Amino acid sequence: MLKTIAHYSFPYEAHIARAKLESEGIPAFVADENTINMQWLYSNAMGGVRLQVLPPFVEQALALLGEDCSELVEQQQGVEAEACELCGNRNTEPFQRGRRWAFLVFLGLDFPLFPARNTHRCRDCGHINKHAAD
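Residues numbered from 1 in each chain as written. Predicted model: local features only at pLDDT ≥ 70, side-chain atom pairs only at ≥ 80, totals over all residues. Heavy atoms only, no water.

(A) Structural detail: the overall build of the chain. Counting its secondary structure elements, the chain contains six helices and five strands. Reading the helices (α) and strands (β) of the chain from amino to carboxyl end gives β-α-β-α-α-β-α-α-β-α-β. Computed over C-alpha atoms, the radius of gyration of the chain comes to 19 Å, more than 25% over the 14 Å expected from 2.2 N^0.38 for 134 residues, which places it beyond the range of a compact globule. Every one of the 134 residues in the chain was classed for burial, and the buried ones make up 21%. Across the chain, every contact between residues at least 6 apart in sequence was considered, and the portion connecting residues at least 24 apart equals 56%. Here the chain displays about 9,800 Å² of accessible surface, and carbon together with sulfur accounts for 55% of that area. (Helix = DSSP H or I, 4+ residues; strand = E, 2+ residues; numbered from the N terminus. Rg over C-alpha atoms; globule rule 2.2 N^0.38 Å. Buried < 20%, exposed > 50% of the residue type's maximum accessible area, 1.4 Å probe, protein only. Contact = heavy atoms within 4.5 Å. Areas by Shrake-Rupley, 256 points an atom, 1.4 Å probe, with all protein chains shown as cover.)

In structure tokens, the structure reads:
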């Protein structure tokens, strides 16, 4: 019997996690992928695309998926975090401005009129940078 260890909104997210597990020798399976591909509106109702492993591998798989290697990648690539416009701190994260307004306008007019822009939000003070990220 397979155990579900993670749920994803999109099949590609589940396949990335599956590939990571399989690269470490853990057999993993993606469930409900075709249903979500055919009718993506069912994703939330069904609990999304499920990533499943055999019971003996559950703890090891959860530990692997819980690792955050983003700092190692940033160091290797030489990427420096963008500074906050308000406090100057470099503890920022990617953020999309305008998503909420685009969604509300889409509900009212069935057409998104406000494009979302990629920017950064400061994790310390919560300020959202006004300019778009490069």
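(B) Spotlight on the pattern of salt bridges. A complete count under the given rule lists four salt bridges for this structure. Between Arg18 and Glu22 there is a salt bridge; the shortest N-O distance is 2.7 Å. Highlighted residues: Arg18 and Glu22, both in helix 1 (residues 11-23), separated by four residues, approximately one helical turn. You can call Glu22 partly exposed: its relative accessible area is 37%. One salt bridge connects Glu93 with Arg121, and the closest N-O pair in it is separated by 3.2 Å. (Salt bridge = Lys/Arg side-chain N within 4 Å of Asp/Glu carboxyl O.)

(C) Seen up close, unusual backbone geometry. Of note in the backbone geometry, Asp32 takes a positive phi value of approximately 65° without being a glycine. Counting through the fold element by element, Asp32 comes out in the loop between strand 2 (28-31) and helix 2 (33-38). Exposure remark for Asp32: the relative accessible area of 24% places this residue in the partly exposed category.

(D) Region of the structure containing the nonpolar core. Core analysis: the largest hydrophobic core is formed by 14 residues, its most contacted members being Ile5, Tyr8, Leu21, Ile26, Leu51, Val53 and Ala61. Those elements giving two or more residues to this core turn out to be strand 1 (3-8), helix 1, strand 3 (49-53) and helix 4 (58-66). (Core = buried A, V, L, I, M, F, W, Y, C linked by side-chain atoms within 4.5 Å.)

(E) Representation of the environment of Gln75 in the model. As for its position among the elements, Gln75 is in helix 5 (residues 70-77). Residue class for Gln75 comes out exposed when judged on its relative accessible area of 60%. C-alpha of Gln75 to C-alpha of Arg123: the two residues are 48 residues apart in sequence and 19 Å apart in space.

(F) Representation of the sheet that holds strand 3 within the structure. Read from one edge of the open sheet, three strands run 1-3-2, paired in antiparallel fashion. Whereas interior strands pair on both sides, the edge strands pair on one side only; in this sheet they are strand 1 and strand 2. Along the sheet, successive strands turn relative to each other by an average axial angle of 30°, direction set aside. Both strand 1 and strand 3 contribute to a ladder of five bridges, which runs antiparallel. Its bridge partner lying in strand 3, Tyr8 is registered against Val49. Against the sheet, helix 1 contacts strand 1, strand 2 and strand 3, and its axis sits at roughly 15° relative to strand 3. In the packing of helix 4 onto the sheet, contacts are made with strand 1 and strand 3, and the angle to strand 1 comes to roughly 20°. (Pairing = 2+ DSSP bridges. Axes fitted to C-alpha atoms, helices over the stretch in contact; angles between N-to-C directions.)

(G) View of the side chain of His127. One can find His127 in the segment after strand 5 (117-122). Taking relative accessible area as the criterion, His127 reaches 19% and is therefore assigned buried. Beyond its immediate chain neighbours, meaning those up to four positions away, His127 contacts Cys84, Glu85, Leu86, His120, Arg121 and Cys122.

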